[in-house]
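Structure assessment
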Amino acid sequence: MTEAALSGTPTVKTERMGPVGRIRLDRPARLNAVDLEMAEGIARVLEAWRDDAEITLILLDSTSPRSFCSGGDLRALSELIRAEGPETGVAKINRVYRVMRQIAAYSKPIVSLLDGIAMGGGIGLGGHVSYRVVTERSVLAMPETSIGITPDAGGSWILSRMPGVSGLRLALLGERMDGMQAVQNGFADYLIPSDKLPDVVAQLATQPVEAVLKAHARPVPAAPAHPLEACYTAPDLVQVLHNLDDDESEVARQDLDALSRLCPFSLQVTWAAWHKARTLASLDDAFVQETTLVGHMMHRPDFVEGVRAKLIDKDNSPRWQPATPAEVSQEDVARCFQAA
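Predicted model, so just to flag it, every value in this text is computed and none were measured.

1. Some points on the pattern of salt bridges
Once their charged atoms are close, side chains differing in charge can pair, the charge on each being opposite to the other. Within this structure, the stated rule accounts for 25 salt bridges. Here Arg22 and Glu15 are joined by a salt bridge, their closest N and O atoms 3.7 Å apart. Assessed through its relative accessible area of 11%, Arg22 is described here as buried. The closest approach of N and O atoms between Asp52 and Arg16, which form a salt bridge, is 2.8 Å. Of this pair, Asp52 sits in the loop between helix 1 (36-50) and strand 3 (57-62) while Arg16 sits in strand 1 (residues 12-17), and the two are 36 residues apart along the sequence. Judged by its relative accessible area of 18%, Asp52 is buried. The class for Arg16 is partly exposed, based on a relative accessible area of 22%. The structure contains a network of salt bridges with shared partners spanning Glu305, Arg308, Asp313, Asp315 and Arg319.

Structural data, given as structure tokens:
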């Protein structure tokens, strides 16, 4: 039985399958970009099912094979900041973060099917649950440095737990991962072929969750060491850029070119945030740090400019302030870590 009214929003569908409560994101025209309405719709369902003894497992997925959740609704957030100022935008995104933290701390196990696109806010919704499933169609990333902010939605916690400095490189570049890479990098737990998902969904209603997922999962080898590990093992970001410039490999040239297009202030904040996240004790602590950082960064011009260049005008020619990482004030970076 579909419980269309339970979430209070048409973008979140619900269904009961025996002991499984299914929550489906249903905003396909926007690739399930999460806004406050969608987030709070999920929260209402979780609250309704928290004390329901008949529901023992939550399944979180999408009605569209193209996208689980493409991230936050950045276009709408940018328009809100333009119209009403950054404080209004910060207040709204903080409410979305609270729902993500609610999902991560939920008292019942949750299975997320990260099929298709799962980026930014999509990681916040489905990347911190008990069982995270990806497929050969999955595309995961934390691309925040391309729009003037820093990895958020709990993404900095996963990135900071990756071996060596591989997570630092991903945090800076926002590089996309396929399903196998997502498992290798700690963003997912099981790689399952997309054509097996209907069987997985059906079997979850009658069989133990781990048995179902393990029966369909494909083996994933350990991630190989990245050839640029030494370049990113540096005292600061500017030295990383020098290291890449001195390296004669094609992969170093590609990284240097990619970094040159990203927001310099975001890169410097992300560098500092990744190192601080390594010292944090919990995912919740990472959310607190990210919330503080994003709150400051949304008061800067880079966020609105980044969204304009990437998502609105799509000219991919943002005018960052300042224009290079070397020009970024470390005092300004340090202020982003101070609670308001």
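The structure having been displayed, the exposition proceeds.
2. So, the nonpolar core
In this structure, Phe187, Tyr232 and Phe303 are the most contacted members of the largest nonpolar core, which totals 90 residues. Considering every element that reaches this core, the biggest residue donor is helix 1, with eight residues. Counting 17 residues, the second largest nonpolar core, distinct from the first, contains Val20, Tyr131, Tyr190 and Val201.

What counts and what doesn't
Residues numbered from 1 in each chain as written. Predicted model: local features only at pLDDT ≥ 70, side-chain atom pairs only at ≥ 80, totals over all residues. Heavy atoms only, no water. Salt bridge = Lys/Arg side-chain N within 4 Å of Asp/Glu carboxyl O. Buried < 20%, exposed > 50% of the residue type's maximum accessible area, 1.4 Å probe, protein only. Helix = DSSP H or I, 4+ residues; strand = E, 2+ residues; numbered from the N terminus. Core = buried A, V, L, I, M, F, W, Y, C linked by side-chain atoms within 4.5 Å.

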